[in-house]
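This is what each chain is made of:
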Amino acid sequence: MNISHEVLRILDEVLSLNGRSAAFTRDTPLLGAIPELDSMAVVTLITTLEEQLGLVVDDDDIDGSTFATVGSLTDFVSGKLAA
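The residue numbering used here restarts from 1 in each chain and proceeds along that chain's sequence as written. A pLDDT threshold of at least 70 governs which residues receive local features in this predicted model, and a stricter bar of 80 or more applies before side-chain atom pairs are shown or counted, although totals over entire chains, interfaces and linings include all residues. The basis for every side-chain value is the complete set of non-hydrogen atoms in the structure, without hydrogens or water.

**Considerations on the nonpolar core**
If you look at the biggest cluster of nonpolar residues, it comprises 24 residues, and the most contacted ones within it are Leu11, Leu15, Leu37, Leu45, Leu49, Leu73 and Val77. Helix and strand labels come from DSSP, where a helix needs a run of H or I of at least four residues and a strand needs a run of E of at least two; each type is numbered from the N terminus. Looking at this core, the elements with two or more residues in it are helix H1 (3-15), helix H2 (39-53) and helix H3 (70-82). Two residues form a contact once any of their heavy atoms are found within 4.5 Å. Aside from chain neighbours lying at most four places away, what touches Leu37 is Leu15, Leu30, Leu31, Val42 and Leu45. Within this scheme, the nonpolar core is defined by two criteria: the residues are buried Ala, Val, Leu, Ile, Met, Phe, Trp, Tyr or Cys, and they are joined through side-chain atoms within 4.5 Å. Buried residues are those whose accessible area, probed at 1.4 Å on protein chains only, stays under 20% of the maximum for their type, while exposed residues exceed 50% and partly exposed ones sit between those limits.

Here it is, written out as structure tokens:
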């Protein structure tokens, strides 16, 4: 599984970006930079990652830095999948 591709696909789906995520890189800022990524979208994003990738995310696992960039989110998902 290409984790980066899956994260971008889920971001695009959850945030209704209509393909905009295809231009995202690891350094693309997320939280505070993408208007669609508000607090409710963060919850939906976490739930979707759990459902589609088989993750279990505890409240203590998450802070603002998790959603700072595409890379930080991808690294978080990679870590959860490796656990």
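The discussion continues.
**Considering the packing of H1 against H2**
Their axes nearest at 10 Å, the elements H1 and H2 cross at an angle of 130°. Relative to H2, the element H1 lies oblique. Relative to H2, H1 is oriented so that their crossing is right-handed. Residues Glu6, Arg9, Ile10, Leu11, Glu13, Val14 and Leu15 of H1 pack against Ala41, Thr44, Leu45, Thr48, Leu49, Gln52 and Leu53 of H2. Residues are sorted three ways: Asp, Glu, Lys and Arg are charged, Ala, Val, Leu, Ile, Met, Phe, Trp, Tyr, Cys and Pro are nonpolar, and all the rest, Gly among them, are polar. Class assignment of the residues belonging to the contact of H1 with H2 gives a composition of eight nonpolar, three polar and three charged. Convention adopted: a line fitted to C-alpha atoms gives each axis, helices being fitted over their contacting stretch, and angles between N-to-C directions are expressed from 0 to 180 degrees. Note on terminology: angles under 35 degrees are roughly parallel, angles over 145 are roughly antiparallel, angles of 65 to 115 are roughly perpendicular, and the others are oblique. Crossings are classed by handedness, with left-handed meaning an anticlockwise turn of the near helix from the far one by less than a right angle and right-handed meaning a clockwise turn.

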